[in-house]
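Residues per chain, in single letters:
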Amino acid sequence: MLSVVSASYHGSLGGLNFYHFYAMCESLKTSLLPLDANPREPTAKTGSVGAMQKTLQQYPAEFHKWNNGITLVCDSVCYDGAKSAKIQFGAGEGICNGGHTYFAIVTTNYTINERALVHLEAIELPTSLDDITKKKIIKEIAAARNNNTKLSLYSQADFQGYYKIFKERIGDESFVRWHEGDSSAKKEAIGADHLVRLLAALDPRWYRHPVFNLKGDVHRSAVLSVQSVHYRWYEAMEDSSKMHSSLRHMAPLV
């Protein structure tokens with residue numbers, strides 16, 4: 001249940017229902033909104049979090065004007081006039097954009113002035129969606145809404161579960177940073193895109209091998225470009241016709 005000062009139902013567009021709320025920032029501290037729909041994990045290290053907390057403290061009445069707010073994807077929304085809203089979340093749902101705004105609000109160590117409001121947009125997904133379609137829609141919304149600071153491909157890949165084949169083999173997942181702001185990763189962890197590059201460099205299907213693939217490409221791309229290799233792998237995970245580049249057969253080497 002979320003306390004709100006203003007609420008409205010925008011209508012149904014493209015099969016999705018859109019709701020808009022304004023809530024006091026202080027009330028969000030006890031809301032426990034899930035972050036499962038945001039491929040990028042918010043952290044305190046970004047300058048934007050500090051800037052938002054400065055606004056909350058020094059210019060509380062301006063916060064809802066200067067901030068883009070928070071976008072939620074959910075199963076259902078029910079609100080009582082303009083006082084409270086009940087939002088129910090399913091698996092993989094929650095904040096898909098505005099994670100840093102939510103982080104800035106809930107990590108303040110002072111009582112936020114009641115004049116500080118935040119805009120929340122709740123997108124209600126049809127209950128008839130299967131898990132794969134739902135995840136695809138959430139990813140598309142998150143990627144588009146996070147366009148100001150472009151969502152990295154490896155964050156998208158992790159959200160879609162594409163690294164599962166590697167996670168199941170690695171033993172200790174904290175040696176890899178699977179998405180932006182991965183709080184469980186070790187300090188010396190490598191990026192998931194770099195892990196893909198290393199596996200591709202070993203793959204006799206991708207590159208020249210004196211026995212298995214004599215006409216294969218030289219390892220130039222694996223040496224010079226992490227992103228091009230990772231993009232090729234991501235395309236293979238998206239397109240079953242390119243499954244030979246998915247590196248599934250390389251997973252035991254992780």
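My aim in this report is to walk through the structure given alongside it, one point at a time.

1. Quick word on the layout of surface pockets
In this approach the atoms are scanned with a rolling probe the size of a water molecule, which exposes any empty space left behind. By volume, the second largest pocket amounts to about 260 Å³. Contributing to the lining of the second largest pocket are I132, K135, K136, K139, E140, Q160, G161, Y162 and E238. Top element by residues in the lining of the second largest pocket is helix α4 (residues 131–145). It accounts for five residues. Here the residues of the lining of the second largest pocket are counted per class, giving two nonpolar, two polar and five charged.

2. Concerning the pairing of strand β4 (residues 70–74)
Within a regular strand, side chains alternate between the sheet's two faces. In terms of burial, β4 is largely enclosed, as five of its five residues are buried. Side chains of β4 alternate between two faces, with I70, L72 and C74 and T71 and V73 buried alike. The sheet contact formed by β4 and strand β8 (residues 117–124) spans five bridges and is parallel. Along β8, the bridge assignment pairs I70 with L120. Of the strand pairs in this sheet, β4 and strand β7 (residues 94–97) are connected by three bridges, and their pairing is antiparallel. Counted as the bridge partner of V73 is G94 from β7.

3. Regarding the sheet that holds β4
If you trace the five strands from one edge of the open sheet to the other, you get β2-β3-β8-β4-β7, paired in mixed fashion. The open sheet is flanked by β2 (6–13) and β7, the only strands paired with a single partner. On average, each strand axis in the sheet is tilted by 30 degrees relative to the strand beside it, whichever way the strands run. Summarising the sheet, β2 and strand β3 (residues 16–24) pair through seven bridges and their orientation is antiparallel. The partner of L13 across the bridge, within β3, is L16. In this fold helix α3 (residues 99–106) packs onto β4, β7 and β8, with an angle of close to 120 degrees to the strand it touches most, β7.

4. Comments concerning helix α9 (residues 226–238)
Relative to the 18 Å expected for 13 residues at 1.5 Å per residue, α9 spans 19 Å between its end C-alpha atoms, a close match to the ideal helical length. Along α9, the residues that are buried comprise V229, H230, W233, Y234, A236 and M237. Buried residues of α9 fall within an arc of 155 degrees about the axis and therefore sit on the same side. Among the structural elements, α4, α5 (153–159), α6 (164–170), α7 (192–202) and α8 (220–224) are those in contact with the buried residues of α9.

5. Description of the packing of aromatic side chains
For the structure on display, the rule yields eleven aromatic pairs. Here the aromatic rings of Y163 and W178 are separated by 5.4 Å at their centres, their planes lie at 45 degrees, and the arrangement is tilted. On the criterion of sequence distance, the pair formed by Y163 in the loop between α5 and α6 and W178 in the loop between β9 (176–177) and β10 (190–191) is long-range, its members being 15 residues apart. Within the aromatic cluster, the residues linked to one another by ring pairs are Y162, Y163, F166, W178, W233 and Y234. Sitting over the face of the ring of F159, K135 holds its NZ or CZ atom 5.7 Å from the ring centroid.

Scoring rules and cut-offs
- Residues numbered from 1 in each chain as written.
- Predicted model: local features only at pLDDT ≥ 70, side-chain atom pairs only at ≥ 80, totals over all residues.
- Heavy atoms only, no water.
- 1 Å grid on protein atoms, 1.4 Å probe; cavity = no way out; pocket = protein on both sides within 12 Å on 5 of 7 lines; lining within 4 Å.
- Points joined across faces, edges and corners; volume = space filled by probe spheres on them.
- Helix = DSSP H or I, 4+ residues; strand = E, 2+ residues; numbered from the N terminus.
- Nonpolar A, V, L, I, M, F, W, Y, C, P; charged D, E, K, R; others polar.
- Buried < 20%, exposed > 50% of the residue type's maximum accessible area, 1.4 Å probe, protein only.
- Pairing = 2+ DSSP bridges.
- Axes fitted to C-alpha atoms, helices over the stretch in contact; angles between N-to-C directions.
- Contact = heavy atoms within 4.5 Å.
- Expected span 1.5 Å × (residues − 1).
- Arc of directions from axis to C-beta.
- Phe/Tyr/Trp six-rings, centres within 6.5 Å; stacked < 30°, edge-to-face > 60°.
- Lys NZ or Arg CZ within 6 Å of the ring centre and 35° of its normal.

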